[in-house]
Amino acid sequence: MTKTAKLLIVEDDDLNQKLYKAVLSKEFDTTFCANDVQFYAALPQKKFDIFLIDLALGKGEDGISLIKKLRQMDEYKSTPIIVVTAYAFKRDEDTAMAAGATKFIRKPVDNKVLVNEFKKYF
Amino acid sequence: MTENVNKVRSWAEVKWKTLIDVKAHNDEDVRLGRLFNTLMVISTAIVILLVIVFLMMIPLGLSNYTTIYLAAVFPLVFIPLSIYCILSAKHGHLKSSINIYVWTNFAAISGAVWLFDGIYSPAWLLYIWTITIAGTLLTPVYSLWMTSGVVLHYALLLFFYKLGLYKPPLTFGEAGREYATIASLLIMFMSTVGLLTYLNMKSLQKALNDLHNEIAEHKQTESELNESNEKYRTVADFTYDWEYWVGPDGKYIYISPSCERITGYKPDAFINDPELLTSIIHTHDRPTFVNHLSEVMQDDCDVRRIDFRIITRSGEIRWISHTCCSVSSSAGKWLGRRGSNSDITERKKIEEVLRKSEDKFRSIAETISDWIWEVDSEGKYIYTNPRSKDILGYEPAEIIGKTPFDFMPPEEAEHHRKIFNDAVKTPHSLRVIENINFHKNGSIVILETNAIPILDAEGNCTGYRGIDRDITERKLAEQKIQKINEELKELNATKDTFFSIIAHDLKSPFQGLLGYSQILSTEYSTLNEEEKLFFIQSIYDLSKSAFTLLENLLIWSRIQTGKIVFNPDVFNLQEEIMPTVEMLMQVASNKNILVECQIHGKTLVQADKNMIQTVVRNLVSNAIKFTNPDGKVIISLRQNGKFIEVSVEDTGVGIRKENLDKIFKSGAVVSTKGTANEEGTGLGLILCAEMIKMHGGKIWAESKLGKGSKFIFQIPSIM
């Protein structure tokens, strides 16, 4: 395991972003974006190894749309995409999985569980 | 040969008829005239015979020439007399002819007697002829008078002869007298006796003929009478109904044997006991019958008819239809009354069943809440029960003669008239046909029609009979239910979305709450003070926003479940708005936003204080939230007709046009962070809308993106 694994986190809530930073930055090379604009700006900077995407993103494209976009890109065709959302319904999970998500995690999620989920892939 | 004889005979008969026929006014005169003329012919024959007799005396040498010639010439006088009389009679002067002839004859014979041989004259015999004719043609009295005259004449001649005062001027002499007397006697005998015998025989023959005819006629009448009697007896005795004839004395003259079939009593029983009929009549009907009897026996009243019950000999009750009429002879004599009793028990039973059945159906038809009707083949109402009044507002009398289509809107009428006309052509049941009608008061009535065709013996449809049910309420209820159903579906979908958003928003803070508190509890010793403070601050912020959301959610749910009751009160709007606005001034000044409250003076409203405060707080805090620093929020108020309008205007970011309506609806809870990243619950405006709705007012927003928004709510003012 190496800290070089690059993680892109898409989370609109400021406090949540800060929580992810506190929890995941020690283990991964993390990049944060709060909406679609920041997301598209971050993408060309690095080749990411894994994604954390929230579904509800306020204004602009939502998480599902971003997942679909990623899956259309050759380089991210099979990159793990972990969805962490407060949407609790089964149909939300189905929609996300159909769009190409690798894993669907419901908020609130335990910090350790979250870290271990990402470590699994490296 | 015989043919010629017959020809001659018929010719002679015609000639003879022509000769003796006379002109007359009646049959009797015709007959008399014929007889008279016949006698005139005979008379002429007698004259000729007498002349021959007298002339025969010359060759016989029985008398002197003077006497013979005078005697032969004397009768010739009668030939012209006879011819004159025939002609006169033929011209209608029969009576005078007879008188002239008879009296001339009488006088001539008297003269002859005086002239020839006096009391010994053979002419006396000639009186026989005269008297016979007078007696036959005039009246028998003439014979008497003439006979008396002849006797007196003879007595006078005898008297004068014996006194020597008279001596006959001429005489036939003894031998001539004997000859003339015998000859005259023979002629008179032949003519007179022959004539009388002929006449008598003719009368006798006529009498016999008459008698014979009379007997024959009588026999014929008798046989016809018998036949007729038999016919009537047959008719009467074999008549199915119970027939009778009561004489003027009240006794039965005839009663048909069929009475036994109906009553169990034989005709004799009724004949022997005239009271029997009355006594077997049911006690309920007896007074009516007795009254009827006294009425009809008083005078010869016309046909009367009554129905009554009798108790038969076996104790059975039978209904009788009684008809009676007065009978009188052809001469007009009253002969009593003829009665006819028929057994109508079966008919009465059927009538009773029918009556009950009709009663039953009528009472159903009259009391049922549905409208029952009957129309002819043209669709015109010929029956309607009283429900037409309740259903369409028209009395049955107003409905009769109209058609169902008269009560429908034109298009509806056309549509249903076509259905009806087709149904008349090919008769079939009409089932559950919904149609729109106008009530008399103009309102709409929806009817559901069911009908069946009425067919005649040939199977042609003569009309329809049916039931109309007022389904207006049901239809309206159906429409209402359908509408509610749609609303519910929509609401349900809205709520689904709403709940998923709420669930998301409620859960979201817990990620931070749990995450930060976990770090604090597990890694507390490794964290520096700054980190610790940040995490604790974050936990506080998250808790606060979660609590606000929860609180709004609870208010919303209490409104939804009716737990928050609209509790209006009359108050001055300014007094309640100002403190609310002032509470938010601090937040506004933090962002350097100017809040201007342009509400002055007293504006009384009848509203729920808490709700108005909540609405104003939400609108003003939103305005502050979405306005950039150095912006402005203006709260103002104005009267707009019957409403009071409160508006909150800002110079903020504005709202996209497509979102202007959505923000008040629970279907799309969108929480947008403020210009200073303020958290929202997305429920505030939804709550405002609910509350204003409870006031009977409305709320809406106007906005220009990047320039600002204006939120306005309207509540009814106190007039």
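Residues numbered from 1 in each chain as written. Chains lettered and ligands numbered in written order. Predicted model: local features only at pLDDT ≥ 70, side-chain atom pairs only at ≥ 80, totals over all residues. Heavy atoms only, no water.

## Overview of the overall build of chain A
1) Next: The secondary structure content of chain A amounts to five helices and five strands.
2) Next: Shown N-terminal to C-terminal, the secondary structure of chain A runs as helices and strands in the order β-α-β-α-β-α-β-α-β-α.
3) Next: Rg of the C-alpha trace for chain A: 13 Å, near the compact-globule value of 14 Å for 122 residues, within the 12% margin.
4) Next: The burial tally for chain A puts 51% of its 122 residues in the buried class.
5) Next: Long-range contacts, defined as pairs at least 24 residues apart, comprise 57% of the intrachain contacts of chain A with a sequence gap of at least 6.
6) Next: By element, 53% of the accessible surface of chain A is carried by carbon and sulfur atoms, the whole surface being about 5,600 Å².
7) Next: Side chains of chain A give 20 positive and 18 negative charges; the mean places of these two sets differ by 3 Å. (Helix = DSSP H or I, 4+ residues; strand = E, 2+ residues; numbered from the N terminus. Rg over C-alpha atoms; globule rule 2.2 N^0.38 Å. Buried < 20%, exposed > 50% of the residue type's maximum accessible area, 1.4 Å probe, protein only. Contact = heavy atoms within 4.5 Å. Areas by Shrake-Rupley, 256 points an atom, 1.4 Å probe, with all protein chains shown as cover. Lys, Arg positive; Asp, Glu negative; His and termini not counted. Charge placed at Lys NZ, Arg CZ, Asp CG, Glu CD.)

## Structural notes on the pairing of strand S13 (residues 604–607) of chain B
Residue and element names in this part refer to chain B.
1) Next: Here S13 shows a buried face lined by Val-605 and Ala-607 and an unburied face lined by Leu-604 and Gln-606.
2) Next: Note that strand S11 (residues 569–572) and S13 share four bridges and pair antiparallel. Bridge assignment links Phe-571 to a residue of S13, and that residue is Val-605. (Pairing = 2+ DSSP bridges.)

## Observations regarding the environment of Lys-602 of chain B
1) Next: By secondary structure assignment, the location of Lys-602 of chain B is in the loop between strand S12 (594–597) and S13.
2) Next: When the C-alpha positions of Lys-602 of chain B and Lys-356 of chain B are compared, they lie 80 Å apart, and in sequence the two are 246 residues distant.

## Section: the packing of aromatic side chains
For any pair of aromatic rings, geometry is given as the distance between the ring centres together with the angle between the planes.
Residues and elements named next belong to chain B.
1) Next: Taken as a whole, this structure holds 31 aromatic pairs over all chains when the rule is applied.
2) Next: Where Phe-54 meets Phe-172, the ring centres are 5.6 Å apart and the plane angle is 5°; that geometry is what we call stacked. Taken together, the residues span a long stretch of sequence, with Phe-54 in helix H2 (residues 27–60) and Phe-172 in the loop between helix H7 (140–163) and helix H8 (173–237) at a distance of 118 residues. Both residues of the pair, Phe-54 and Phe-172, belong to the buried class.
3) Next: Between the aromatic rings of Tyr-394 and Phe-407, the centroid separation amounts to 5.0 Å while the plane-to-plane angle is 50°, which identifies the pairing as tilted. Note that Tyr-394 is positioned in the loop between helix H14 (387–391) and helix H15 (396–399) and Phe-407 in the loop between H15 and helix H16 (410–425), a separation of 13 residues in sequence. As far as burial versus exposure is concerned, Tyr-394 and Phe-407 are alike and both buried.
4) Next: One aromatic cluster in this structure is built from Trp-103, Phe-106, Trp-124, Tyr-127, Tyr-142 and Tyr-154.
5) Next: Above the face of the Tyr-240 ring, Arg-261 is positioned so that its terminal group lies 3.6 Å from the ring centre.
6) Next: Between Lys-348 and the ring centre of Trp-319, over which it is positioned, the NZ or CZ distance is 4.2 Å. (Phe/Tyr/Trp six-rings, centres within 6.5 Å; stacked < 30°, edge-to-face > 60°. Lys NZ or Arg CZ within 6 Å of the ring centre and 35° of its normal.)

## Section: empty space enclosed by the protein
Residue and element names in this part refer to chain B.
1) Next: Throughout the structure, instances matching the rule amount to two cavities of 30 Å³ or more.
2) Next: If you add up the space inside the largest cavity, you get close to 280 Å³.
3) Next: For the largest cavity, the lining is made up of 23 residues, of which Leu-50, Phe-74, Pro-75, Ile-109 and Leu-126 are closest to its centre.
4) Next: Size it by volume and the second largest cavity reaches roughly 230 Å³.
5) Next: Lining the second largest cavity are 20 residues; nearest its centre among them are Trp-373, Pro-404, Phe-405, Met-408 and Thr-449.
6) Next: For the lining of the second largest cavity, the secondary-structure elements that each account for two or more residues are strand S6 (371–376), H16, strand S8 (430–438), strand S9 (444–455) and strand S10 (461–470). (1 Å grid on protein atoms, 1.4 Å probe; cavity = no way out; pocket = protein on both sides within 12 Å on 5 of 7 lines; lining within 4 Å. Points joined across faces, edges and corners; volume = space filled by probe spheres on them.)

## Here we look at the pattern of salt bridges
1) Next: Under the definition given, this model contains 40 salt bridges over all chains.
2) Next: Here Lys-119 of chain A makes a salt bridge to Glu-27 of chain A, at a shortest N to O gap of 3.7 Å. Here Glu-27 of chain A lies in the loop between helix H1 (14–24) and strand S2 (29–33) and Lys-119 of chain A lies in helix H5 (residues 111–119), a separation of 92 residues in the sequence.
3) Next: For Lys-119 of chain A, a relative accessible area of 27% corresponds to the partly exposed category.
4) Next: Given the relative accessible area of 21%, Glu-27 of chain A is considered partly exposed.
5) Next: A salt bridge links Lys-266 of chain B to Glu-260 of chain B, with the shortest nitrogen-to-oxygen separation between them at 3.2 Å. (Salt bridge = Lys/Arg side-chain N within 4 Å of Asp/Glu carboxyl O.)

## Some points on the side chain of Glu-576 of chain B
Residue and element names in this part refer to chain B.
1) Next: Inspection of the secondary structure assignment puts Glu-576 in helix H19 (residues 573–590).
2) Next: Despite its burial, Glu-576 remains without a salt bridge, the nearest opposite charge being carried by Lys-609 at 4.0 Å.
3) Next: A distance of 2.8 Å separates a polar atom in the side chain of Glu-576 from a polar atom in the side chain of Gln-613.
4) Next: Among all residues touching Glu-576, those that are not within four sequence positions of it are Phe-571, Lys-609 and Gln-613. (Polar contact = N/O pair within 3.5 Å; in protein donor to acceptor, adjacent residues only side chain to side chain.)

## As for the interface of chain B and chain A
1) Next: In this complex, chain B contributes 22 residues to the contact, which on the side of chain A involves 26 residues.
2) Next: A buried area of about 2,000 Å², summed over both sides, lies between chain B and chain A, and 59% of it is on carbon and sulfur atoms.
3) Next: When the buried area of chain B at its contact with chain A is split by residue, His-504, Lys-507 and Gln-511 of chain B rank highest and sum to 33% of it.
4) Next: One can count one salt bridge joining chain B with chain A.
5) Next: The residue Lys-26 of chain A makes a salt bridge to Glu-523 of chain B at a minimum N-O spacing of 2.9 Å.
6) Next: Taken together, chain B and chain A are joined by eight residue pairs in polar contact (both at pLDDT 80 or more).
7) Next: Among the elements of the structure, helix H17 (472–523) and helix H18 (529–560) of chain B are those that each provide at least two residues to the side of chain B that touches chain A.
8) Next: Of the residues forming the side of chain B that touches chain A, the biggest block, 14 residues, is contributed by H17 of chain B.
9) Next: For the side of chain B that touches chain A, the class distribution of residues is eight nonpolar, nine polar and five charged. (Buried area = accessible area lost by both parts, 1.4 Å probe. Nonpolar A, V, L, I, M, F, W, Y, C, P; charged D, E, K, R; others polar.)

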